[in-house]
Amino acid sequence: MTRETEAMTESLSVSVWRGGAVGAFREYSVPRRASQTVLDVVTHIQRRIDPTLAYRFACRVGMCGSCAMTVNGVARWTCRTHVARVAPHGRLEIAPLANLPVIRDLVCDLDVFFEKWQRARGRFEPSAPASTDFARIAPDSGERRAAEAGIECIGCAVCYASCDVVAWNPAYLGPAALNRAWTLMNDARDAAHGARLRAVAGDAGCHACHTQLSCTERCPKGISPTAGIAGLKRMSVRALIRGAL
Amino acid sequence: MSDWRARNHPAWWAFLVHRLSGLLLAAFLPLHFWALAQALRGAERLDGFLRWTEQPVVKLAEVGLVLLLAAHLTGGLRLLMLEFLAWREWQKGLLAAAAGTSLAAALVFALNVV
Ligand code: SF4
Ligand code: SF4
Ligand code: FES
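Bear in mind the structure is a predicted one, so any value in this text is a computation, not a measurement. (Residues numbered from 1 in each chain as written. Chains lettered and ligands numbered in written order. Predicted model: local features only at pLDDT ≥ 70, side-chain atom pairs only at ≥ 80, totals over all residues. Heavy atoms only, no water.)

### Quick word on helix α11 (residues 225-242) of chain A
Along an α-helix, residues three or four positions apart point the same way, because every turn accommodates 3.6 residues.
All names here are of chain A.
Here comes step 1: Taking 1.5 Å per residue as the helical rise, α11 with its 18 residues ought to reach 26 Å, and the 26 Å between its terminal C-alpha atoms agrees with that figure.
Here comes step 2: Among the 18 residues of α11, 13 are classified as buried, and the element is accordingly described as predominantly covered.
Here comes step 3: Downstream of α11 by one or two residues, glycine 243 has phi in the positive range, about 75 degrees. (Helix = DSSP H or I, 4+ residues; strand = E, 2+ residues; numbered from the N terminus. Expected span 1.5 Å × (residues − 1). Buried < 20%, exposed > 50% of the residue type's maximum accessible area, 1.4 Å probe, protein only.)

Structure, rendered in structure tokens:
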């Protein structure tokens, strides 16, 4: 028997969180398949075993950021997480993301998460009047490279769910919002640098980060929010010395 | 977040070591000041105390103390370098250097003691 067919005859024991903030894990048995992702497992349960299971996904290819869950204790994007990599013993525990209110089963309320992007001024603010010409940004400039490193964020909240400081200080803006702010602080076309730096330099901003690097460890896009946060720390200290904060 | 499985990575352990060593060092300070205060109460008392510190257990505890100090110091330097120098992919290297230096410092101290 090849490894592949052998794997396909096994079944997985899967505990899935059911309920809201209060609830319990329920056990399911799901057939093991080749190249199966954690999202495939959840989908199998919802389509074949229990249609009342609530979960989110959209793109299935790691672009939309909607499918993040806690898999065996660790926050992950489920559509691109292979069962073989996270469940060597055929056991899966699937729960909603930590640090966010649970709406039902595997679905979290992401309002706070995105409100914090707003609070961190995580949106591009063009100079007024809008420039009539293209901005010329040298691709190898330091700013462009710094922005480049953080720009592929898909807003999945995996980093946010992995961060202890978010759990300890509910007001903390969190790694994703600060990473977004950092990319904009490195955007020469943006006109709100001063206001944004003030927004992220407060008690709940970049200086609250303990550089535990959990966000960097877990980000499925390989972004290091810690790098951006460290950049914001340096920027705000420099601004403070200049008296510009 | 309260799941130990999510925290099982080197930088989180480094954070824990830094925090615990800081707390233990802070807890040790009163003892340190008390020992110094013995000198004010006369040479006899201080000598008595110093004789007490000759015991092997106390020596062992001193090695532990040096390890804590070294771990806290190198851990702090590691953070300053990570946060205030230009960012590069040297997190694990810095961590290993901090751990290695701390252990070496404790070992050198231990060898001097015995
Ligand atoms: S590095 Fe900072 S933002 Fe990232 S997980 Fe750690 S404390 Fe949170
Ligand atoms: S920084 Fe990474 S982990 Fe955080 S929201 Fe963006 S893609 Fe997800
Ligand atoms: S479903 Fe879109 S990222 Fe997973």
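Following the structure, the description resumes.
### Looking at the site of ligand 1
Residue and element names in this part refer to chain A.
Here comes step 1: Taken together, the neighbourhood of ligand 1 is formed by 13 residues, with Cys163, Tyr172, Cys209, Leu213 and Cys215 sitting nearest.
Here comes step 2: At the level of secondary structure, the elements contributing two or more residues to the shell around ligand 1 comprise α10 (214-218) and α11.
Here comes step 3: Among the residues forming the shell around ligand 1, the class breakdown is eight nonpolar, five polar and no charged. (Near = heavy atom within 4 Å. Nonpolar A, V, L, I, M, F, W, Y, C, P; charged D, E, K, R; others polar.)

### Some thoughts on a positive patch on the surface
Here comes step 1: On the surface, Arg33, Arg47, Arg48 and Arg60 of chain A cluster together into a positively charged patch.
Here comes step 2: Exposure remark for arginine 33 of chain A: the relative accessible area of 40% places this residue in the partly exposed category. (Patch = residues over 30% accessible without salt bridge, like charges linked within 9 Å, V, L, I, M, F, W, Y side chains within 5 Å. Areas by Shrake-Rupley, 256 points an atom, 1.4 Å probe, with all protein chains shown as cover. Salt bridge = Lys/Arg side-chain N within 4 Å of Asp/Glu carboxyl O. Lys, Arg positive; Asp, Glu negative; His and termini not counted. Charge placed at Lys NZ, Arg CZ, Asp CG, Glu CD.)

### Focus on the interface of chain B and chain A
Here comes step 1: With 20 residues of chain B at the interface, the matching set in chain A holds 27 residues.
Here comes step 2: Of the roughly 1,900 Å² buried where chain B meets chain A, counting both sides, 55% is carbon and sulfur surface.
Here comes step 3: Aspartate 164 of chain A is the partner of arginine 7 of chain B in a salt bridge, and the nearest nitrogen-oxygen pair spans 3.0 Å.
Here comes step 4: Run the count over chain B and chain A and you get ten residue pairs in polar contact (both at pLDDT 80 or more). (Contact = heavy atoms within 4.5 Å. Buried area = accessible area lost by both parts, 1.4 Å probe. Polar contact = N/O pair within 3.5 Å; in protein donor to acceptor, adjacent residues only side chain to side chain.)

### A closer look at the pattern of salt bridges
Residues and elements named next belong to chain A.
Here comes step 1: A complete count under the given rule lists 15 salt bridges over all chains for this structure.
Here comes step 2: When the shortest N-O distance is used, the salt bridge between arginine 196 and aspartate 190 registers 2.9 Å.
Here comes step 3: In this structure arginine 196 comes out as buried when scored by relative accessible area, which is 0%.

### So, a nonpolar patch on the surface
Here comes step 1: Among the surface-exposed residues, Val237 and Ile241 of chain A together with Leu73, Leu77, Leu80, Met81, Phe84 and Leu85 of chain B lie close enough to one another that they form a single nonpolar patch of about 720 Å² accessible area.
Here comes step 2: Within the residue set of the nonpolar patch, elements represented by two or more residues are α11 of chain A together with α4 (56-84) of chain B.
Here comes step 3: At five residues, α4 of chain B tops the list of elements feeding residues into the nonpolar patch.
Here comes step 4: With respect to the helices, strands and loops of the structure, leucine 85 of chain B is situated in the loop between α4 and α5 (91-113).

### Considerations on the layout of surface pockets
Here comes step 1: Of the volumes computed, that of the largest pocket is approximately 390 Å³.
Here comes step 2: As for the largest pocket, its lining consists of 15 residues, and the residues nearest its centre are Phe28, Leu31, Phe49, Thr53 and Glu62 of chain B.
Here comes step 3: Taken together, the elements giving at least two residues each to the lining of the largest pocket come down to α2 (10-40), α3 (43-52) and α4 of chain B.
Here comes step 4: If one sorts the elements of the lining of the largest pocket by residue count, α2 of chain B sits on top with six residues.
Here comes step 5: In the lining of the largest pocket, the residues fall into twelve nonpolar, two polar and one charged.
Here comes step 6: Around the second largest pocket, the lining comprises 14 residues; the ones closest to its centre are Ala146, Ala149, Trp182 and Ala227 of chain A together with Trp87 of chain B.
Here comes step 7: Sorting the residues of the lining of the second largest pocket by element identifies α5 (142-150), α8 (175-185) and α11 of chain A as the ones contributing at least two each.
Here comes step 8: The residue makeup of the lining of the second largest pocket, split by class, is seven nonpolar, five polar and two charged. (1 Å grid on protein atoms, 1.4 Å probe; cavity = no way out; pocket = protein on both sides within 12 Å on 5 of 7 lines; lining within 4 Å. Points joined across faces, edges and corners; volume = space filled by probe spheres on them.)

### A look at the site of ligand 2
Here comes step 1: Neighbouring residues of ligand 2: Cys153, Ile154, Gly155, Cys156, Ala157, Val158, Cys159, Ala176, Cys219, Pro220 and Lys221 of chain A.
Here comes step 2: Of the residues belonging to the shell around ligand 2, the class tally is nine nonpolar, one polar and one charged.

### Some points on the nonpolar core
All names here are of chain A.
Here comes step 1: Of all hydrophobic cores here, the largest spans 62 residues; its most connected members are Val14, Leu92, Leu106 and Tyr172.
Here comes step 2: Looking at this core element by element, the count peaks at six residues for α8.
Here comes step 3: Look past the residues within four positions of leucine 106 in its chain and what remains in contact with it is Val16, Trp17, Val42, Leu53, Ala54, Tyr55, Met69, Ile94, Ala95 and Pro96. (Core = buried A, V, L, I, M, F, W, Y, C linked by side-chain atoms within 4.5 Å.)

### A closer look at the UniProt feature "transmembrane region" (unreviewed entry) in chain B
Residue and element names in this part refer to chain B.
Here comes step 1: In this structure's numbering, the residues bearing the UniProt feature "transmembrane region" (unreviewed entry) are residues 63-81 and 93-113.
Here comes step 2: The annotated region residues 63-81 carries 100% helix and 0% strand content, and the separation between its end C-alpha atoms amounts to 27 Å.
Here comes step 3: The distance from the first to the last C-alpha atom of residues 93-113 is 30 Å, and the span holds 100% helix and 0% strand. (UniProt positions renumbered as here; feature names shortened; annotations may be inferred.)

### A closer look at the sheet that holds strand β3 (residues 68-71) of chain A
Residues and elements named next belong to chain A.
Here comes step 1: The strand order β2-β1-β5-β3-β4 describes an open sheet built from five strands, whose pairing is mixed. Two strands in the sheet have a free side with no partner beyond their single neighbour: β2 (23-31) and β4 (74-77). Each strand of the sheet is rotated relative to its neighbour by a mean of 35 degrees, with strand direction disregarded.
Here comes step 2: In this structure, β3 lies alongside β4, joined through four bridges in antiparallel fashion. Bridge assignment links alanine 68 to a residue of β4, and that residue is tryptophan 77.
Here comes step 3: Contacts from helix α2 (residues 38-49) reach β1 (11-19), β2, β3 and β5 (91-95), with the element oriented near 95 degrees to β2. (Pairing = 2+ DSSP bridges. Axes fitted to C-alpha atoms, helices over the stretch in contact; angles between N-to-C directions.)

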